[in-house]
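So you can see what is in the structure, the chains are spelled out below.
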Amino acid sequence: MVSGPLNGLKILDLTHIWAGPLAVRMLSDLGAEVVKVEAPYGRGPRELPSSPLGGWIGGAPGEDPWNNNAIFVKLARNRRSVSVDLKQAAGRDLFLGLVAQADVVMENFSVRAMPSLGLDFATLQAANPRIIYVTMPGFGISGPLKDRVAFGPTVEAMSGFTTVMGYGQDEPRNTAMALMDPVGATHAVAAVVTALQRREQTGRGSFVEMSLHEGGVAYNGPWLIDHQLGERITSIGNAHPVMSPHGVFSCAGEDAWLALACRDDADWQNLCSVVPGLDATSNLARRRADAPEIEKVINGWTVELDKFTATEFLQRAGVPAGPVSTTPDMAEDPQVQARGFFVPYERFATPMPGNPIKIDGLDPAEWTPCPGLGADNAEVLADWLGWSAEQTEAALAAGVLADKPPA
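The notes below deal with the structure included here. (Residues numbered from 1 in each chain as written. Predicted model: local features only at pLDDT ≥ 70, side-chain atom pairs only at ≥ 80, totals over all residues. Heavy atoms only, no water.)

## Some points on the overall build of the protein
When you go through the protein residue by residue, the secondary structure sums to 17 helices and ten strands. Its C-alpha atoms give the protein principal-axis dimensions of about 80 × 50 × 45 Å. Contacts in the protein between residues far apart in sequence, at least 24 positions, make up 68% of those at least 6 positions apart. Carbon and sulfur atoms make up 56% of the accessible area of the protein, which totals about 20200 Å². A distance of 4 Å separates the average location of the 31 positive side-chain charges in the protein from that of its 47 negative side-chain charges. (Helix = DSSP H or I, 4+ residues; strand = E, 2+ residues; numbered from the N terminus. Contact = heavy atoms within 4.5 Å. Areas by Shrake-Rupley, 256 points an atom, 1.4 Å probe, with all protein chains shown as cover. Lys, Arg positive; Asp, Glu negative; His and termini not counted. Charge placed at Lys NZ, Arg CZ, Asp CG, Glu CD.)

## Observations concerning the side chain of D29
Within the secondary structure layout, D29 lies in helix α1 (residues 19-29). D29 gets classed as buried once you look at its relative accessible area, which sits at 1%. There is a polar contact of 2.8 Å between the side chain of D29 and the side chain of R77. Not counting the four nearest positions on each side in its chain, D29 is found in contact with V2, R77, N78, N355, L362 and W367. (Buried < 20%, exposed > 50% of the residue type's maximum accessible area, 1.4 Å probe, protein only. Polar contact = N/O pair within 3.5 Å; in protein donor to acceptor, adjacent residues only side chain to side chain.)

## Comments concerning the pairing of strand β3 (residues 79-84)
Taken across its six residues, β3 has six buried, putting it largely inside the fold. With burial as the criterion, each face of β3 is covered, one bearing R79, S81 and S83 and the other bearing R80, V82 and V84. Pairing of strand β2 (residues 33-38) with β3, which is carried by five bridges, proceeds in the parallel orientation. For E38, the partnering residue across the bridge sits in β3 and is S83. This β-α-β element, β2 to helix α2 (residues 70-75) to β3, shows right-handed connectivity. Sheet topology places β3 next to strand β10 (residues 401-402); two bridges connect them, and they run antiparallel. Across the sheet, S83 pairs through a bridge with A402, a residue of β10. (Pairing = 2+ DSSP bridges. Right-handed = clockwise from strand over helix to strand, strands pointing away.)

## Here we look at a nonpolar patch on the surface
Together, V248, W257 and V324 make up a nonpolar patch on the protein surface, roughly 210 Å² of accessible area in all. Looking at the element boundaries, V324 is found in the loop between β9 (321-323) and α14 (327-332). On the accessibility criterion, V324 (35% relative accessible area) is partly exposed. (Patch = residues over 30% accessible without salt bridge, like charges linked within 9 Å, V, L, I, M, F, W, Y side chains within 5 Å. Salt bridge = Lys/Arg side-chain N within 4 Å of Asp/Glu carboxyl O.)

## Overview of the environment of L30
Inspection of the secondary structure assignment puts L30 in the loop between α1 and β2. In the structure, L30 is positioned 333 residues away from D363 in sequence and 9.4 Å away in space, judged by C-alpha atoms. What L30 contacts, discounting residues up to four positions off in sequence, is G4, P5, L6, N7, N355, I357, I359 and L362.

## Topic: unusual backbone geometry
Here the residue pair S244 and P245 is connected by a cis peptide bond, since its omega of -5° sits within 30 degrees of zero. Mapped onto the fold, P245 is located in the loop between α9 (222-228) and β7 (246-250). Here the phi dihedral of I17 falls at roughly 65°; this positive angle occurs in a residue that is not glycine. By the element assignment, I17 lies in the loop between β1 (10-13) and α1.

## Observations concerning the sheet that holds strand β4 (residues 104-107)
By way of backbone hydrogen bonds, the strands of a sheet pair with one another, either parallel or antiparallel. With mixed pairing, seven strands are arranged side by side in an open sheet as β6-β5-β4-β1-β2-β3-β10. In this open sheet, the two edge strands, each paired with only one partner strand, are β6 (206-209) and β10. Inspection of the sheet shows strand β5 (residues 132-135) paired to β6 by four bridges, in the parallel sense. Looking at the pairing, T135 lines up with E209 of β6. On the sheet, α1 packs against β1, β2, β3 and β4 and is oriented at approximately 135° with respect to β3. Across the sheet, helix α3 (residues 89-101) lies against β1, β2, β3, β4 and β10, angled at about 150° from β1, the strand it touches most. (Axes fitted to C-alpha atoms, helices over the stretch in contact; angles between N-to-C directions.)

## Some words on the sheet that holds strand β8 (residues 257-261)
Spatial ordering of the open sheet is given by β7-β8-β9, a layout of three strands whose pairing is antiparallel. Looking at strand neighbours, the two that pair on one side only are β7 and β9, the edges of this open sheet. The average angle at which neighbouring strand axes cross in this sheet is 20°, direction not considered. With three bridges connecting them, β8 and β9 associate as antiparallel partners. Across the sheet, A259 pairs through a bridge with G322, a residue of β9. Sitting on the sheet, helix α13 (residues 307-316) touches β8 and β9, and the angle it makes with β9 is about 165°.

This is the structure we're talking about:
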């Protein structure tokens, strides 16, 4: 058990891909007891025909490749795994027995998935009236798009973000990282905590519905207000609607860049004290009008320096600036290293991101690695349901439980 403010909270995790698992990881980092309920084939077949997205932990598939998918491992720490076939009546009954002991059930399947298994909210509530059920479909459980297939990059494009990204009207872009998934994950964490607080007041559970699409729409910025005021929405690249100069500038070295923002006249004066050739008398209107020429002057200065040295000069002068970090830069950043953000306890001592929430008494040294598929069948069923070892073995033999993908 991980020490933390959510100690005592029991979560059944049926999530997959990114949004759901990330939400559950945040909650488990904070002390929730999580049992990952996964299908025997949930991590893929015994032999994968190609390397998965993100590759393998340790760089090779190993003897149990279904347990070495790097992205899965990254998101599934602090869990115990029970692998159960919910399509079998015995598996469904086993799951409802776990629901009776749980506080929260979380899933991000399609709208049809849980009802088709006979595990809709009404059924779960009958097993446990205090259960908090969180579902995270792409478009919610109602409306004309509810049955559509949803995936992060496509949902992002529908959220309005893509129209304001890129470098012109002919080249819209998305973030290339399924931004709606981590947005949905943070919303889900807030929803769980809110539902728990309400349960303390009312004694009743909740049905919590999340929509990845609406999560993205809710994060729309000033361009939504511009539209409501009748203004034309345009993509402005690395520029800013008000600040100037504002952008990313090339530095010495291969594919090396620095980002800076000039918030006001004070920042401009500070910038002029560092970068030669700038006119300290320019006000905001002139800076916006002369932005291309100003950016050339700044770039002429940054290109002679590496991104870390240029950042240091600007920060010492009080100008908001920072190096554009590659993935190796990010992992080796002295700030990140000093705070011990990456936690290297997974297989092969592979560093994984920690949790940005820090609370007294919370110690990442207590976190546990991603479990193998079905590794905790016997332990969880004994703890939660009082099963004997013989019952677990019988369920394994019947194919209700599993500890490896089907042959």
